Amino acid sequence: MAPFEEQSLRDIAERLRREDPGLTRALSEHDPVRPRRRHRRWPAWALLVFAVAALALGMVLPHGLLVATGLVLVGIAANLFDPLPPKRRAR
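Cut-offs applied
Residues numbered from 1 in each chain as written. Predicted model: local features only at pLDDT ≥ 70, side-chain atom pairs only at ≥ 80, totals over all residues. Heavy atoms only, no water. Phe/Tyr/Trp six-rings, centres within 6.5 Å; stacked < 30°, edge-to-face > 60°. Helix = DSSP H or I, 4+ residues; strand = E, 2+ residues; numbered from the N terminus. Salt bridge = Lys/Arg side-chain N within 4 Å of Asp/Glu carboxyl O. Buried < 20%, exposed > 50% of the residue type's maximum accessible area, 1.4 Å probe, protein only.

J.: Could you clarify how one ought to interpret the packing of aromatic side chains in this entry?
T.: Two measures describe an aromatic ring pair: the distance that separates the ring centres and the angle between the ring planes. Taken as a whole and judged by the stated rule, the model has one aromatic pair. Arranged with centres 5.0 Å apart and planes meeting at 80 degrees, the rings of W45 and F81 form a pair that is edge-to-face. Of this pair, W45 sits in helix α3 (residues 42–60) while F81 sits in the segment after α4 (64–80), placing them 36 residues apart in sequence.

J.: Mind showing me how you'd approach the pattern of salt bridges here?
T.: Counted under the stated rule, the structure contains two salt bridges. Residue R17 pairs with E14 through a salt bridge whose shortest N-O separation is 2.9 Å. One end of the pair is R17 and the other is E14, both in helix α1 (residues 3–19) and three residues apart, which spans about a single turn. Accessibility expressed as a relative area gives 36% for E14, which makes it partly exposed. With a shortest N-O distance of 3.9 Å, E19 and R15 are connected by a salt bridge. In this pair, E19 and R15 both sit in helix α1, four residues apart, roughly one turn of the helix. With relative accessibility at 43%, the residue R15 sits in the partly exposed group.

What is shown is where atoms sit, not what they do.
Listed below in structure tokens is the structure:
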């Protein structure tokens, strides 16, 4: 392996040690821990089904407010599928 590749791997390993010492410890002990909270997606799926139904109904019945509501709810549901919510900045 080239020296610059080794250095970049060392940099990545060092950053991992700084950002998540628990994961680093678990990986060194060969015992990865499970995440505390599993990302549940059923509310996102339920909202998506409701939003698509509202959108379809708004298109069948020419009702602009129902179409707009369906589009907004589809956008919210799509945002709920994001597996990693943004981290809060430390102030």
